[in-house]
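Topology and contacts: notes
Each chain is listed here by its residues.
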Amino acid sequence: MSEIHTSGHSSSSWRRILGEFLHHGYVALVLAALALIFEHQGWLNWLDSLSLRVASNVTIGVTEGQRQKSAAIQDRPLTLLISDEMFELDFNQASPLERGRLAELIRPILAKNPSVLAIDLDLSPGPALADTPAQHQLEDVLIQGARSGTRVVLTTPFPVFLDSVIAEKYNWMRKLCASGVEFAFPYLLEMQGLVLRYPSGIETLGQVAARADRLSGQDSSLCDQVKLGIQNAAFLSKDYPVNLLSGFDNLATQRPLNPAFFDDVQTFVVSSLADLVPIQLKQRIVVLGAGFNPSDQFNTAFGNQKGPVLHAATIFSVQHPTHISHTFSILLDLVLGIAAGFLFHAVWHRFDKHQQKSSSLGHWPPTHFLAARSWILISCVILVAAVVLVTISSAWLFRHNLWNNPGPMMIGFFVKTLIASRPHSQHTEAAHGKSIGPLRRLMQHIDHLWFLPIVGWGIFLFFH
């Protein structure tokens, strides 16, 4: 009889554990489905940016070995910045920059045979510059550089208002495109006041410069759009809605900047042509831009950075991308959700047990009262530890080129804590050995049933 009793008790225990596992798994599935739905709607963009900002700051404290390893990457792009001294003395502090001086600066750079020269300056002619010798000199330098084997990538002109000026900018772009020069948008993506990502869905300077070779084909590049006619160069107009048409608000096409780039930012400030002599540029990707412009600098998780530096960071991030895996995120959400359910359920079960015992004794002696409060403290410690652990693990994965937003998991921990804090005593008729009718059994599971549409919607989004 003793063996039969033990076997029955063991079977009952396993059924209870299985029931708890299914319950916690279902709650974790609902939370994961909600996170997927909210992300699809764009409601978690702010949370992803906040989490990315935290993870980026955590990665600043990497070991020296990790820093040296990332700094040893050989194909790191290099940035050349025109200094304040050169702007004030050589360019006479005039804007736009004097074209002849620019030609003198760009020519020795191209002579060093970089693989790519991306220029983060508007080199297009203004209304009074189109037919000047200096403008022609600059264009000749760019065209010769493109024909000599270096991919020359320029930013699109600043948008203008007058149709006549738009036509002038368009003709300039068409001429250079026909000579092998490429174009890209100068835009950088800001969210919450920081540059944390780059838009992979549009032709930005970093995206175009990072390619192994020139892209050609119908509508595949800005030069291809220009060849189709001025009506396809709407980006030259101030009326062009950049944020609406460029996909800046589409989180699915955005990728995080690789933090390893900032371990060894290779930037040279050029004050004179002599500063270029010792710099090795052969087969390097070079970004040339303004170091003197106070409006061309942005806040990042790695401090204030110049615009050309962030274009170089985009190039590096395209070449060494940080991957985003929804499958990994969902599986991690489910595993951690189930583990958190069991853990918080056990903790709050003990709190509930001691709280009821303390109430039955009139809270004296205070042994059970203090034990109940201790379990509340333990629950809070576990919650904080889980949040810290998830943050650190996300930062570690980020350093290894895998980004997983820890925000939904943190919210899931808080929800799990709230659910587990409900009283655990059973008051159903089943707990007293009485039979339950089908209607009452349905009411017992009504909480699970009304979340089924959410789970179904989440599954649909995951696979489609």
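Rules of the game
- Position numbers for residues count from 1 along each chain, tracking the sequence in the order it is written.
- Two thresholds apply to this predicted model, a pLDDT of at least 70 for residue-level local features and 80 or more for giving and counting side-chain atom pairs, whereas whole-chain, interface and lining totals are computed over all residues.
- Excluding hydrogens and water, the side-chain figures rest on all heavy atoms present in the structure.
- Only runs of H or I of at least four residues qualify as helices and only runs of E of at least two qualify as strands under DSSP, and these elements are numbered from the N terminus.
- Remark: exposure states derive from per-residue accessible area (1.4 Å probe, protein chains only) relative to the maximum for the residue type, with buried under 20%, exposed over 50%, and partly exposed in between.
- In what follows, residue pairs with any heavy atoms lying within 4.5 Å of each other are defined as contacts.
- Here the open area of atoms and residues is found with the Shrake-Rupley method and a 1.4 Å probe, where only the protein chains shown may cover a residue.
- Residues grouped as a nonpolar core are buried Ala, Val, Leu, Ile, Met, Phe, Trp, Tyr and Cys residues, joined through side-chain atoms within 4.5 Å.
- A helix is expected to reach a length of 1.5 Å times the quantity of its residues less one.
- Working note: the arc is built from the helix axis to C-beta atom directions.
- To define axes, lines are fitted to C-alpha atoms, for helices over the stretch in contact only, and angles between the resulting N-to-C directions are given on a 0 to 180 degree scale.
- Geometric relationships in this document are graded by angle, where less than 35 degrees denotes roughly parallel, more than 145 denotes roughly antiparallel, 65 to 115 denotes roughly perpendicular, and other angles denote oblique.
- By convention, the crossing between two helices is left-handed when the near helix turns anticlockwise from the far helix through less than a right angle, and right-handed when the turn is clockwise.
- Pairs of strands are assigned from DSSP output, requiring at least two bridges between the strands.
- The disulfide definition used here is simple: a pair of cysteine sulfur atoms within 2.5 Å.
- Ring geometry is summarised as follows: Phe, Tyr and Trp rings, the Trp one being its six-membered ring, pair when their centres sit within 6.5 Å, and such pairs are stacked at plane angles under 30 degrees, edge-to-face over 60 and tilted between the two.

The number of helices and strands found in the protein chain is 17 helices and 12 strands. Relative to its full complement of 464 residues, the protein chain shows a buried share of 44%. Expressed as a percentage of contacts within the protein chain between residues at least 6 apart in sequence, the contacts between residues at least 24 apart total 80%. Accessible surface, the protein chain: about 24000 Å² in total, of which carbon and sulfur atoms supply 62%.

Attention shifts here to unusual backbone geometry. Here the amide bond leading from Ser95 into Pro96 is cis, since omega sits at 5°, within 30 degrees of zero. Examined against the element boundaries, Pro96 turns out to sit in the loop between α4 (84–89) and α5 (99–111). Of note in the backbone geometry, Asn113 takes a positive phi value of approximately 55° without being a glycine. One can find Asn113 in the loop between α5 and β2 (116–120). You will see that Gln283, though not glycine, has its phi angle at about 60°, which is positive. Along the chain, the position of Gln283 falls in the loop between β7 (267–270) and β8 (285–290).

The next thing to look at is the nonpolar core. Counting 51 residues, the largest nonpolar core has Leu80, Ile82, Ile106, Leu123, Leu154 and Phe183 as the members making the most contacts within it. In terms of residue count, the dominant contributor to this core is helix α7 (residues 163–178) (7 residues). The residues contacting Ile82, other than those within four sequence positions of it, are Phe87, Phe91, Leu97, Leu102, Leu105, Leu121, Val270, Leu288, Gly289, Ala290, Gly291 and Phe292. Core analysis: the next-biggest nonpolar cluster, separate from the first, contains 24 residues, Ala118, Ala184, Ala209 and Ala210 among them.

With that out of the way, let us pick up α7. Over its 16 residues, α7 runs 22 Å from end to end, which matches the ideal 22 Å to within 8%, given 1.5 Å per residue. Within the sequence span of α7, burial applies to Val165, Ile166, Lys169, Tyr170, Trp172, Met173, Leu176 and Cys177. All buried residues of α7 lie within an arc of 160° about the axis, which places them on one face of the element. Away from the buried face of α7 by more than 90 degrees, exposed residues Asp163, Ser164 and Ala178 are located. In this fold, the buried residues of α7 make contact with α6 (133–147), β3 (151–155), β4 (182–184) and α9 (222–227). Just downstream of α7, Gly180 is the residue with a positive phi angle, here 100°.

Interaxial distance between α5 and α6 falls to 8 Å at its minimum, and their mutual angle equals 15°. It follows from the interaxial angle that α5 and α6 lie roughly parallel. Considering only the axes of α5 and α6, their crossing is left-handed. Between α5, through Arg99, Gly100, Leu102, Ala103, Ile106, Arg107 and Leu110, and α6, the contact on the second element is made entirely by Ala134, Gln135, Gln137, Leu138, Val141, Leu142 and Gly145.

Attention now moves to the sheet that holds β8. Within a beta sheet, neighbouring strands are joined by backbone hydrogen bonds and run either parallel or antiparallel to one another. Taken together, the 6 strands give an open sheet; going across it, the order is β4-β3-β2-β8-β1-β7, and neighbouring strands pair in parallel fashion. The open sheet is flanked by β4 and β7, the only strands paired with a single partner. Across the sheet, the axes of successive neighbouring strands diverge by a mean angle of 25°, strand direction being ignored. Direction of pairing for strand β1 (residues 78–82) relative to β7: parallel, over a ladder of 4 bridges. The residue bridging Thr79 from the neighbouring strand is Thr267, located in β7. Packing against the sheet, α7 makes contact with β3 and β4, and its axis sits at approximately 130° to β4.

All chains considered together, the criterion is met by 1 disulfide. Linked covalently through their sulfurs, Cys177 and Cys223 form a disulfide whose S-S length is 2.0 Å. On the S-S bond that ties Cys177 to Cys223, the torsion sits near -75°, and the link is left-handed. Within this pair, whereas Cys177 is found in helix α7, its partner Cys223 is found in helix α9, the two being separated by 46 residues in sequence. Of the residues examined, Cys177 reaches a relative accessible area of 3% and is grouped as buried.

Moving on, we get to the packing of aromatic side chains. Applying the stated criterion to the full structure yields 11 aromatic pairs. The interplanar angle of 45° and the centroid separation of 5.4 Å between the aromatic rings of Phe38 and Trp43 together place this pair among those described as tilted. We classify Phe38 as partly exposed; its relative accessible area is 32%. Residue Trp43 is classed as exposed on the basis of its relative accessible area of 51%. Summarising the aromatic geometry, the rings of Phe462 and Phe463 are spaced 5.0 Å apart at their centres and angled 90° between planes, so their arrangement reads as edge-to-face. Members of the aromatic cluster, joined through ring pairs, are Phe261, Phe262, Phe302 and Phe316.

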